[in-house]
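Breakdown of the fold
The lines below spell out each chain.
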Amino acid sequence: PHILGHGVNLRILSYDGLQTRFSNLQAMGFSGEHERDIVDAFSGERGGLILFIAGTGEGKTSTVMTAIPMDRNFDQRKWISIEDPVEIVNRRIFQIPIQRNTGVATDVEGYVAAMSNTLRFDPDGINAGEIRDQISATLAERAAMTGHITTATLHGTEPFTAFHRLIDLGAR
């Protein structure tokens, strides 16, 4: 809501179109070298945090959901994704839809519960969704430090700003 009424932000996503268009990172415009770097980060790691950083509407979620199945060990790994909302369905990833608004206690509690329950399933990989507050930064950091490959998105203009943003959100 605003002083003149309500505003709406609408994203119309075609499941079939996304699956065809984004079958690999090169189809999204990444160079072969960058695609190899991202796939290597997924495939070689036993744990850690892989951040996808860009501005609003620049394809962070599309990139994450395209990159995860490109993991060379994807068929042997259990991936769980916590999303607000689920935008790209992948039947081989256990996707948990949540609804969260920063500052609303019940929504924050839902995210905390989803992350805590995810760790009980002992997944190999966790997509923590968007890091947008201290709670999501802390939970993504903890998941990564417990030996899980953890992905997350973060709004930013360039990778170097991510360090300052994470520190600002309370990450160590």
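Residues numbered from 1 in each chain as written. Predicted model: local features only at pLDDT ≥ 70, side-chain atom pairs only at ≥ 80, totals over all residues. Heavy atoms only, no water.

Some details on the nonpolar core
- Of all hydrophobic cores here, the largest spans 18 residues; its most connected members are Ile82, Tyr111, Met115, Ala128, Ile131 and Leu166.
- Within the residue set of this core, elements represented by two or more residues are helix 4 (105-120), strand 4 (125-130), helix 5 (134-145), strand 5 (149-155) and helix 6 (159-168).
- In terms of residue count, the dominant contributor to this core is helix 5 (four residues).
- Met115 has contacts with Ile82, Ile126, Ala128, Leu139, Ala140 and Ala143, leaving out every residue within four places of it along the chain.
- Counting residues in hydrophobic clusters, the runner-up holds 14 residues, among them Leu25, Val64, Phe74 and Ile149. (Core = buried A, V, L, I, M, F, W, Y, C linked by side-chain atoms within 4.5 Å. Buried < 20%, exposed > 50% of the residue type's maximum accessible area, 1.4 Å probe, protein only. Helix = DSSP H or I, 4+ residues; strand = E, 2+ residues; numbered from the N terminus. Contact = heavy atoms within 4.5 Å.)

Re a nonpolar patch on the surface
- On the surface, a nonpolar cluster with roughly 410 Å² of combined accessible area is contributed by Val8, Leu10 and Ile12.
- Along the polypeptide, Leu10 turns up in the segment before helix 1 (15-21).
- By relative accessible area, Leu10 is classed as exposed at 65%. (Patch = residues over 30% accessible without salt bridge, like charges linked within 9 Å, V, L, I, M, F, W, Y side chains within 5 Å. Areas by Shrake-Rupley, 256 points an atom, 1.4 Å probe, with all protein chains shown as cover. Salt bridge = Lys/Arg side-chain N within 4 Å of Asp/Glu carboxyl O.)

Things to note about helix 3 (residues 60-67)
- Summarising burial for helix 3: seven of the eight residues are buried, a large majority.
- Among the residues of helix 3, Lys60, Ser62, Thr63, Val64, Met65, Thr66 and Ala67 are the ones counted as buried.
- Those residues of helix 3 that are buried are in contact with helix 2 (32-44), strand 1 (48-54), strand 2 (79-83), strand 3 (94-97), strand 4 and strand 5.

Side note on the sheet that holds strand 3
- Taking strand neighbours across the sheet as the criterion, the five strands line up as 1-5-4-2-3 in an open arrangement whose pairing is parallel. Strands with a single pairing partner mark the edges of an open sheet, and in this sheet they are strand 1 and strand 3. With direction set aside, neighbouring strand axes in the sheet form an average angle of 15 degrees.
- Sheet topology note: the strand 2/strand 4 ladder contains three bridges and is parallel. By the bridge assignment for strand 4, Ile80 is matched with Ile126.
- Its contacts with the sheet place helix 2 against strand 1, strand 2 and strand 5, and it is angled at close to 150 degrees to strand 1. (Pairing = 2+ DSSP bridges. Axes fitted to C-alpha atoms, helices over the stretch in contact; angles between N-to-C directions.)

Examining the pattern of salt bridges
- Evaluated as defined, the whole model comprises six salt bridges.
- Across the pair Arg77 and Asp71 runs a salt bridge, and its minimum N-O distance is 2.7 Å. Here Arg77 matches Asp71 in class, with each residue buried.
- A salt bridge links Asp168 to Arg165; its shortest N-O distance comes to 3.8 Å. Here Asp168 pairs with Arg165, and both are found in helix 6, just three residues apart, close to one helical turn.

Some thoughts on the packing of aromatic side chains
- Scanning the entire structure with this criterion turns up three aromatic pairs.
- Centroid distance Phe42 to Phe52: 6.4 Å. Interplanar angle 35 degrees. Geometry classified as tilted. In this pair, Phe42 is assigned in helix 2 and Phe52 in strand 1, connecting sequence segments 10 residues apart. The exposure classification of Phe42 matches that of Phe52, with both residues buried.
- Considering the side-chain rings of Phe94 and Phe121, the 6.1 Å spacing of their centres and the 35 degrees angle between planes classify their relative orientation as tilted. Of this pair, Phe94 sits in strand 3 while Phe121 sits in the loop between helix 4 and strand 4, and the two are 27 residues apart along the sequence.
- Overall, Phe94 belongs to the partly exposed group, its relative accessible area being 48%. (Phe/Tyr/Trp six-rings, centres within 6.5 Å; stacked < 30°, edge-to-face > 60°.)

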